[in-house]
There are 2 protein chains.
Amino acid sequence: MGQHKNKIDFEQLLQSHQLKRTNPRLRVLSMMSSRSSATSQPDLEAAMSDIDRVTLYRILAAFEEKGIIHKVFDLNGTANYAMCTADCNEGHHHDEHLHFSCTNCKNVYCLEELHLPAITVPEGFKTEGVTVYATGLCPKCSKRSAAK
Amino acid sequence: MGQHKNKIDFEQLLQSHQLKRTNPRLRVLSMMSSRSSATSQPDLEAAMSDIDRVTLYRILAAFEEKGIIHKVFDLNGTANYAMCTADCNEGHHHDEHLHFSCTNCKNVYCLEELHLPAITVPEGFKTEGVTVYATGLCPKCSKRSAAK
DNA sequence: TTAAGTGCAAAATCTTTGCAAATGT
DNA sequence: ACATTTGCAAAGATTTTGCACTTAA
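For clarity, every value in this text was computed on a predicted model and none was experimentally measured.

(A) Structural context of the pattern of salt bridges. Residues and elements named next belong to chain B. A full pass over the atoms with the stated rule returns eight salt bridges over all chains. Here R35 and D43 are joined by a salt bridge, their closest N and O atoms 3.6 Å apart. For D43, a relative accessible area of 26% translates into the label partly exposed. Between R53 and E45 there is a salt bridge, with the nearest N and O atoms lying 2.9 Å from each other. The class of R53 is partly exposed, set by a relative accessible area of 47%.

What follows is the structure, given as structure tokens:
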């Protein structure tokens, strides 16, 4: 039962996915799991300028492929990545939760707590998964705009 | 009340948005409204290779800005554009409908008919709009895979 | 030791910008 | 005629690819 939640053992996480425990990977995992919103490649690049850009691309691709992180798009259309919970695995992702995109800071929050209502699609469509995107202001930005 | 539905008068549509009636624009409108799924820049580029790539970028940007089309991302993260219905206008889009992304052909369908269930977000978030993405097989692809 | 991962250089894409020529009103 | 819009050239940005060097197991 992959429970990559608080106090995650990153080394084990990598190991269990046949990925070597390297420094760049550990740092990426650490950054991603410490954040409440999803992380983009540019975010990573800015935060870890000593790691090669290409390496970051490859790490993200490998993690996504293995089901360690999943991709969501923010309002700019930039890919952002967030740690997967539970049942994501090699090639199969389940991010059937609410994604909240802040129109102000452009951050994307994965709100897993919420369960989604059932959706019915028209005849002919075969639904495999459903994701809900909400747009608006995240707590930080809504506080800020209320204050001032 | 912008009813850009069947038998649209594209010229009028452009005019009402203070856009000149040019050939590239009419062709883009024509292609987009003739399709059941959203259209990407690469789609347009392939279909109208005589129109400059840059012109297409600018047309899409202008249309989106004016609220004639709206943007959705497909499973590759590529922006796709679909005609807006009714109440989109200068800077404000309302695409609160179901977007269906086909995992096979990667097309995105805007299913406006469906009304979305209410979604509740956690304390602190201020929701402005909600969009639902479903993934799976579109009628065309599901038929195809069933047949053979 | 050796397969996997990283860094660097370079190619391939994709998107934006500036400006002169063309076009719509 | 005049303001837009287009096309082309070129700059910027983003993403991918190839390969030699390094590192975890």
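Additional details are given in the paragraphs that follow.
(B) Spatial organisation of the relation of the copies chain A and chain B. After a rotation of 180° and a shift along the axis of 0.1 Å, chain A superposes on chain B with an RMSD of 0.1 Å. The transformation just described matches what one would write down for a two-fold rotation axis. When C-alpha distances to the rotation axis are compared across chain A, the minimum falls at V132 of chain A, with a value of 2.2 Å. A symmetric contact is evident, with 100% of the interface residues of chain A recurring at the interface of chain B.

(C) Structural view of the protein's contact with DNA strand C. Taken together, 17 residues lie around DNA strand C, and T22, R25, T55 and R58 of chain A together with Y57 of chain B are the ones closest in. Backbone sugar and phosphate groups make up 61% of those atoms of DNA strand C lying within 4 Å of the protein. Here R21 of chain B contributes a backbone N or O atom positioned 3.2 Å from a phosphate oxygen of DNA strand C. Counting residues per element, the ones that place at least two in the surface near DNA strand C are α2 (23-34) and α4 (53-66) of chain A together with α4 (53-66) of chain B. Its residues placed into classes, the surface near DNA strand C shows seven nonpolar, two polar and eight charged.

(D) Region of the structure containing the sheet that holds strand β1 (residues 39-40) of chain B. Residue and element names in this part refer to chain B. Strand order in the open sheet formed by three strands is β1-β3-β2, and the pairing between neighbours is antiparallel. What marks the edges here is a single partner per strand, and that holds for β1 and β2 (69-73). Pairing of β2 with strand β3 (residues 79-83) involves five bridges; the strand directions are antiparallel. Paired with K71 across the bridge in β3 is Y81. Across the sheet, α4 lies against β2 and β3, angled at about 110° from β2, the strand it touches most.

(E) Unusual backbone geometry, seen in detail. Within the chain, Q18 of chain A stands out as a residue other than glycine whose phi angle is a positive 60°. For Q18 of chain A, a relative accessible area of 60% gives the class exposed.

Cut-off values and rules
- Residues numbered from 1 in each chain as written.
- Chains lettered and ligands numbered in written order.
- Predicted model: local features only at pLDDT ≥ 70, side-chain atom pairs only at ≥ 80, totals over all residues.
- Heavy atoms only, no water.
- Salt bridge = Lys/Arg side-chain N within 4 Å of Asp/Glu carboxyl O.
- Buried < 20%, exposed > 50% of the residue type's maximum accessible area, 1.4 Å probe, protein only.
- Least-squares fit on C-alpha atoms with pLDDT ≥ 70 in both.
- Contact = heavy atoms within 4.5 Å.
- Near = heavy atom within 4 Å.
- Polar contact = N/O pair within 3.5 Å; in protein donor to acceptor, adjacent residues only side chain to side chain.
- Helix = DSSP H or I, 4+ residues; strand = E, 2+ residues; numbered from the N terminus.
- Nonpolar A, V, L, I, M, F, W, Y, C, P; charged D, E, K, R; others polar.
- Pairing = 2+ DSSP bridges.
- Axes fitted to C-alpha atoms, helices over the stretch in contact; angles between N-to-C directions.

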